[in-house]
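# Chain and residue survey
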Amino acid sequence: MMDAIVQLLRNSLCTAKNFNFLGDTFLYDAKVTAQYYTLPPPLDETTPLELLIAVTQLYACVSLSLAGYRMISGAGVAKLQVITRLVNLRAAEKKGKKEEKNVTAAKSLINTSLLEESDASSRSFIVGVNIFALGVAFFWLFANSLHITSTDWIGGVEGLIYALAVMEVNLLVFLYYMFLDAGAAVRKSFRMKTFAYEIASAKKLSDIDMEYITVEQYGWLVGGWAPFWAEGATTDAAAEETILKKEEEGIASKLAAFSKKIDSDVVDRINAQARLSLFEGYREYLYLVLNFFAFYGYLVCIVVFYYQDEGAQPEYIRAMMGWMPNADADWLGNAVGDFMWTVEPVIILGSPLIMNSMSPKGKKEKVA
């Protein structure tokens, strides 16, 4: 939540600077900054507005770098280590006598979940690497706001362009996963509605072949299943076998209960979650559109740097920049990117209110 608030503040300030909003105020006067601290040239050109932007960019640099590192080490490497140990435990289990359907289904769910979470940990590693790189690249934006890139201390303007190029690569990875997540959430919504209809018609799980109950469907039935390996929680390796056995017993017990009766509340909850999943899918598509325009806008800024001679620009470069002069294309690309990243946190912050309004309300008890 804090990251979204800072993102909103950062890009709102950048957008205000792009459009020279309140341009006749102290926010654009470098002399005001000099009253509080004397900076060496060319840092002494930093205005109060640029200083505010720099603070928020430094926050992004630190928070994203830490978040990326935690995702790599925790949700990526550490989680994969836990899953590997659990898979080895499952493989070492001796096959005993014939088991009840509930127990067999429980073991199947755990095995499938371990495989799915293994894939998720690999994705977390990839995303974490890109988030970490994005955070490091923000340092050059921070430096640019303080006019450090006007010097050769950290590579100058060319260093800034390299940092922007890294951010573009990172954003391309995020766009790919946004596209996948959006489609997955929409399809999940329809699967939930179909499953809710099936169990409402069957009334009990025994009417459905439990051997084909998926991890996803089991999570819907219990209102969300988050085993310790999905959380990436590090536990005592010696105790993992015991915890895993308890998890298996708990699943088998719940499946046995569902085989006798499925309350209508469960069906109503799944239908409500289906609506939320559909909303999340459409919201993810909206994020995809916003970030695509941001990606394209910032890409134009990079292209302008490498094609400064307008007369020598290939036709496809001219078309990419909308046949505008370099200065106009650079300004518009940056302005579009900043504005899109201003709208995104507004949606992030407003989504919980919308989702709460879509969530089922508890039934009111009649007062005698």
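What comes next concerns the included structure. (Residues numbered from 1 in each chain as written. Predicted model: local features only at pLDDT ≥ 70, side-chain atom pairs only at ≥ 80, totals over all residues. Heavy atoms only, no water.)

## Here's the deal with the nonpolar core
One finds Trp229, Ile251 and Ile270 to be the most contacted residues of the largest nonpolar core, which totals 30 residues. When residues of this core are traced back to their parent elements, those giving at least two are α3 (48-92), α4 (101-145), α5 (156-202), α6 (215-222), α7 (228-231), α8 (240-260) and α9 (264-306). Once you skip the residues sitting within four places of it in the chain, Ile251 turns out to touch Ala106, Leu109, Ile110, Tyr218 and Trp225. Among the nonpolar cores identified, the runner-up in size contains 28 residues, and Leu164, Leu171, Leu288 and Trp341 belong to it. (Core = buried A, V, L, I, M, F, W, Y, C linked by side-chain atoms within 4.5 Å. Buried < 20%, exposed > 50% of the residue type's maximum accessible area, 1.4 Å probe, protein only. Helix = DSSP H or I, 4+ residues; strand = E, 2+ residues; numbered from the N terminus. Contact = heavy atoms within 4.5 Å.)

## Some points on the pattern of salt bridges
Counting across every chain of the model gives eight salt bridges. Of the charged contacts in the structure, one is a salt bridge between Asp263 and Lys261, with a shortest N-O distance of 3.6 Å. What makes Asp263 partly exposed here is its relative accessible area of 41%. A single salt-bridge network, built from bridges that share partners, covers Arg90, Lys245 and Glu248. (Salt bridge = Lys/Arg side-chain N within 4 Å of Asp/Glu carboxyl O.)

## Remarks on α6
When you tally the buried positions in α6, you get six out of eight residues, the bulk of the element. Restricting attention to buried positions, one finds in α6 the residues Val215, Gln217, Tyr218, Gly219, Trp220 and Leu221. Buried residues along α6 sit in contact with α4, α5, α8 and α9. Positioned one or two residues after α6, Gly223 has a phi angle of 80°, which is positive.

## Let's talk about unusual backbone geometry
Across the junction of Pro41 and Pro42, the peptide omega takes the value -5°, indicating a cis bond. Mapped onto the secondary structure, Pro42 falls in the loop between α2 (30-34) and α3. For His147, which is not glycine, the phi torsion reads 65° and is therefore positive. When you line up the elements, His147 lands in the loop between α4 and α5.

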